[in-house]
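# Geometric and topological summary
Here's the letter readout for the chains.
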2 protein chains.
Amino acid sequence: MKLIQLAKELNLSISTVSKALRDSHEISASTKKKVLAKARELNYEANPFASSLRKQKSKTIAVVIPEIDNNFFCLVIKGIESIAQEKGYHVLIYLTHEEIKKEIAITNLLQNGRVDGILISISNQTVNTTHLEELKQKNIPLVFFDRVADDIDSPKITTDDYSGGFCATEHLIERGCKRIAFISISPSLSISKRRMNGYLDSMKKNGLETDSSMIIQCSNDEEHNNQLIRELLSSTNRPDGVFASVEKDAISSYKICEELKLKIPEEIKIISFSNLRTAALLNPSMTTITQPAYEIGSAATSILFKIIEKKPIHLTLDKTIFKSELIVRNSTQ
Amino acid sequence: MKLIQLAKELNLSISTVSKALRDSHEISASTKKKVLAKARELNYEANPFASSLRKQKSKTIAVVIPEIDNNFFCLVIKGIESIAQEKGYHVLIYLTHEEIKKEIAITNLLQNGRVDGILISISNQTVNTTHLEELKQKNIPLVFFDRVADDIDSPKITTDDYSGGFCATEHLIERGCKRIAFISISPSLSISKRRMNGYLDSMKKNGLETDSSMIIQCSNDEEHNNQLIRELLSSTNRPDGVFASVEKDAISSYKICEELKLKIPEEIKIISFSNLRTAALLNPSMTTITQPAYEIGSAATSILFKIIEKKPIHLTLDKTIFKSELIVRNSTQ
DNA sequence: CTGAAAGCGCTTACAG
DNA sequence: CTGAAAGCGCTTACAG
C-alpha cells in the first residue's frame, strides 16, 4: 500500500493526500476526513524509510547496554519503552557484552541518522571515549545512565552511588563487621569508583583497615571472578562482610558460601546493589541497595526527548541523581 | 558524510564509489582498495534510509514480547541478539504488556517494510489472530516462539510443554501430593493449554481428582491473581502442591506461604516453570522446569534468517520443540 | 485549497 | 572498468 495507490483511490494528488495525512493546515477539513477514512480502511502506513530519508528523522532511539540478563537493565528498558511508546518512537537494542570493541562498532552504526538519539550505559572496558565524543560532534542526542562517561558533556542519570557505597558499609559496620570485602565492577567505571569511595570513606571514618586483599576487581571472566571470591572466602583471615557492587557477584557469593559451608549472616554478612525480585525470598533474604531502575530508564528517555525536540533542559535535569534505597533483610542480621 | 562527498574526495563518480563499497565485480581491485581506505578514514557509513528505500530491505528485525522483566524473555532476547549481531542486523524491541490492542498497534507499524522479519511471543489476550494473518499476507517473515498462534502457518519454536506439565505433576505426586493447584497463564494461550493438559493427564493417570477450585486462571491484574492464590492457600481444604506456569506466580506463592506461615515443602510443595537464576538460593530452593531460553531465542532467529534469505527450511525446523529440564530442589522435598 | 515538481541519499540497470 | 541517469516512496516549498 503506497501513497500513490491511496491517491488514486481518492482521485487526489499524492501531495494532497500526504498533506492530509499529516494534518496540514493547507488541506480542507472535508478532504482530510475522506483521506483519513480511506487510509484507515486500506490500513495505509507510510513507508518509514521514504519518510525518514525525506524528513531526516528516524522516529527511533537506540539503547546501548552491556548486558541484558540483569534485572537492573531489564527494568531500565521497561522504563525506556514506556516513554518511547508514548511518543510513537521505535526502540533499537544493542548489547556490548562489556566489550569496548563492540561498543565502538555499535556507535559507528549509529553515526549516520539511523536514530534520533541514543541512551547508553557504557561497558566496563570503556576508558577511551572518542567514539562517544564523535557522536556528540555529529550532534546526535546522547544521554548516559548508570554507567556514565564523566568526560563527555551530556546529560547523565545516575543514582547516589557514593552515598549508596557509604551507607551499605556503615550498615555492615553497625552490624559488627570489621573486615569487609568490596567486590567491584571494573575499576575504570566512575560508578564503580564512587561506590568504592563510599566504602573506603566509611571504613576510614570507623577506623577500620582496608587492604587490597579485601577489594576484588572483577573482570569479564565470570569463572575467574568466582575463583577470586572463593579464594578470599576460604582464606584464613577471611572477611566477615561482603559488599557486592552488582547482584551477579552477590549471587556468586551466596553460592560460594554454601559451597564452603559458611553461614550467612552468622559467619559472614552480605549486602549488594541489586534489583533482584527474589531478594526477600533468598536463604537468607538479602539486604540490598536497590536502584529505581524503571524510573532511571524513563527519566533518561524523557531527557533524551527534550534534546531531540530541542526543548530547553533545566540544569537540574542534566545531572539527575536518583536515590537508592537500603532494604535491610536477614543477610546482615 | 555522504556518498557525494566521498566521491569528490576520490575524484570518482558516486556510482563507482557505491559499487566499490559493496564490492561489485564491475570495479577494479585498485579502485576498491582506494575507496575502502578513504571510506574508513572518513568513517563513512551509508545513510540507512536511503539504502533501505532503494534496496527494499531494512537490515532490521522486530522482537514482539508481552513483557521484559522476566528471565525467560531476557534470555531469549540475548539469544536473538547474538544471531542478529552476527548477521549485521538491527533489533527493534516492542512490548505488548499483555494487551491485544498494543499488539495490533505494533504489528500495524511493522506492515510497511520497517523490518525484514518478526519474532513474536503473543500476548495472553491474543485469541483473534487476523493482525498476524495480515503480516503473513504481506509476506513478512514471521516466527513464533514460546507463546505461539496455532492457527497461523509460520515456524514455531516451543518447548515440550505438555510433557513439562505432565512430568512436573508426576513429580509432585511421587512426592506425596494429592491436591495439586495449577496456576495457569491465560487459558486461551495454547502453551497454557498444553501445560494444563499435561497436568490433567497426570492427575487422571494417578486417579487423583481435579476440580475447578484447584485451577487458577490468572488475569493481567497482578493483585487480583495474588488474592486468588491467597484465598486458595488459606482455604480449609487447601492444596498440598502448587504448580505454577510462570515464575511470577511461583514467587507470589512463596510470599503468600510466608504470609500464611505455611511451610514449604512440609505443608505445601511448590514447582514452577522458571528461568530464575536464584532458584537454587531461595528459601527453600525451588524445584523448576527450566526452558532453554537462550537457545529458543537463537534458534528462532536462525529460522527467521532462513526465511529472510529464502533458504529452504527443513520441515523438522519448522516446528522445533526444545526439551525443558526438571531440576529437583528442596521446595518439593 | 489542490497539485506539479524537486529532492532526501542511496543502488543498479544500462551505456560507453 | 567507469559514469550518467532513473528511481525507491515519501514531504514540502512553491505555483496557481
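Everything here concerns the structure above.
Note on numbering: residues in each chain are counted from 1, in written sequence order. The order in which chains are written sets their letters, starting at A; the order in which ligands are written sets their numbers, starting at 1. Local features are withheld for residues below a pLDDT of 70 in this predicted model, meaning they are given only at 70 or higher, and side-chain atom pairs are given and counted only at 80 or more; totals for whole chains, interfaces and linings count all residues. Excluding hydrogens and water, the side-chain figures rest on all heavy atoms present in the structure.

Glancing now at the sheet that holds strand 8 (residues 241-244) of chain A. Residue and element names in this part refer to chain A. The sheet built from six strands is open, its strands ordered 7-6-8-9-10-12 with mixed pairing. Each edge of the sheet is formed by a strand with only one pairing partner; in this case those strands are strand 7 (215-217) and strand 12 (325-327). Along the sheet, successive strands turn relative to each other by an average axial angle of 15 degrees, direction set aside. Sheet analysis places strand 10 (residues 287-290) next to strand 12, joined by three bridges and oriented antiparallel. The partner of Ile289 across the bridge, within strand 12, is Leu326. In what follows, a contact means two residues having at least one pair of non-hydrogen atoms within 4.5 Å. Here an angle of 0 to 180 degrees is reported between the N-to-C directions of two axes, which are lines fitted to C-alpha atoms, with helices fitted over the stretch in contact. Only runs of H or I of at least four residues qualify as helices and only runs of E of at least two qualify as strands under DSSP, and these elements are numbered from the N terminus. Along the sheet face, helix 8 (residues 161-174) touches strand 6 (180-184), strand 8, strand 9 (269-273), strand 10 and strand 12 and points at about 170 degrees away from the line of strand 9. Against the sheet, helix 11 (residues 247-260) touches strand 6, strand 8 and strand 9, its axis set at about 160 degrees to strand 9. Strand pairing is defined by DSSP finding a minimum of two bridges between the two strands.

Okay, the protein's contact with DNA strand C next. Nearness here has a simple test: a residue counts as near a molecule or strand if at least one of its heavy atoms is within 4 Å of that partner. Surveying the vicinity of DNA strand C reveals 26 residues, the closest of which are A:Lys19, A:Arg54, B:Ser18, B:Arg22 and B:Arg54. Of all DNA strand C atoms lying within 4 Å of any protein atom, the proportion belonging to sugar or phosphate reaches 60%. Definition of a polar contact: a pair of N or O atoms within 3.5 Å, with one able to donate and the other able to accept a hydrogen when the atoms are protein atoms, and with sequence-neighbouring residues admitted only if both atoms are side-chain atoms. Within the side chain of B:Lys2, one N or O atom sits 3.3 Å away from a phosphate oxygen of DNA strand C. The side chain of B:Ser18 places a nitrogen or oxygen atom 2.5 Å from a phosphate oxygen of DNA strand C. Looking at the surface near DNA strand C, the elements with two or more residues in it are helix 2 (14-21) and helix 4 (48-55) of chain A together with helix 2 (14-21) and helix 4 (48-55) of chain B. No other element matches the four residues that helix 4 of chain B contributes to the surface near DNA strand C. Charged residues are taken to be Asp, Glu, Lys and Arg, nonpolar residues to be Ala, Val, Leu, Ile, Met, Phe, Trp, Tyr, Cys and Pro, and polar residues to be all remaining types, Gly included. Partitioned by chemical class, the residues of the surface near DNA strand C number seven nonpolar, ten polar and nine charged.

Disulfides are defined as pairs of cysteine sulfur atoms found within 2.5 Å of each other. Scanning all chains against the criterion turns up one disulfide over all chains. Here A:Cys74 connects covalently by a disulfide to B:Cys74, the sulfurs 2.2 Å from one another. In this pair, A:Cys74 is assigned in helix 5 (residues 71-86) and B:Cys74 in helix 5 (residues 71-86), connecting two distinct chains. The cysteine B:Cys218 is free of any disulfide, with B:Cys257 supplying the nearest cysteine sulfur at 15 Å. Burial classes follow relative accessibility: with a 1.4 Å probe on protein chains only, a residue under 20% of its type's maximum area counts as buried, one over 50% as exposed, and anything between as partly exposed. By relative accessible area, which is 10% here, B:Cys218 ends up buried.

Here we come to the interface of chain A and chain B. Listed as interface residues are 50 residues of chain A and, on the opposing side, 50 residues of chain B. When chain A packs against chain B, the two sides together hide about 5,000 Å² of surface, and 57% of this comes from carbon and sulfur. The largest contributions to the chain A side of the interface with chain B come from A:Phe49, A:Arg277 and A:Leu281, which together make up 16% of the buried area. By salt bridge we mean one thing: a side-chain nitrogen of Lys or Arg within 4 Å of a carboxyl oxygen of Asp or Glu. The tally of links from chain A across to chain B stands at four salt bridges. The partner of A:Arg277 in a salt bridge is B:Glu247, with the nearest N and O atoms 3.2 Å apart. At the surface where chain A touches chain B, the tally comes to 25 residue pairs in polar contact (both at pLDDT 80 or more). For the side of chain A that touches chain B, the secondary-structure elements that each account for two or more residues are helix 4, helix 5, strand 2 (90-95), helix 6 (100-109) and helix 11 of chain A. Examining the composition of the side of chain A that touches chain B, we find that seven residues originate from one element, helix 5 of chain A, more than from any other. When grouped by side-chain class, the residues that make up the side of chain A that touches chain B number 22 nonpolar, 16 polar and twelve charged. Accessible surface is computed with a 1.4 Å probe, and the buried area is the amount of it that two parts give up when combined, taken over both parts together.

Residues and elements named next belong to chain A. Across the interface, helix 2 lies against helix 3 (residues 29-41) with an axial gap of 9 Å and an inter-helix angle of 85 degrees. As the angle between them shows, helix 2 and helix 3 are arranged roughly perpendicular. Along the contact surface, helix 2 presents Thr16, Val17, Ala20 and Leu21, while helix 3 presents Thr31, Lys32, Val35, Leu36 and Ala39. Looking at side-chain class alone, the contact of helix 2 with helix 3 contains six nonpolar, two polar and one charged residues. Comment on the angle field: the value is read as roughly parallel under 35 degrees, roughly antiparallel over 145, roughly perpendicular from 65 to 115, and oblique elsewhere.

Quick look at the protein's contact with DNA strand D now. What surrounds DNA strand D is a group of 26 residues, the closest being A:Ser18, A:Arg22, A:Arg54, B:Lys19 and B:Arg54. Sugar plus phosphate, as a fraction of atoms of DNA strand D within 4 Å of the protein: 62%. The side chain of A:Ser51 places a nitrogen or oxygen atom 3.2 Å from a sugar or linking oxygen of DNA strand D. One of the side-chain N or O atoms of B:Gln56 is found 2.8 Å from a sugar or linking oxygen in DNA strand D. Going through the elements one at a time, helix 2 and helix 4 of chain A together with helix 2 and helix 4 of chain B are the ones with two or more residues in the surface near DNA strand D.

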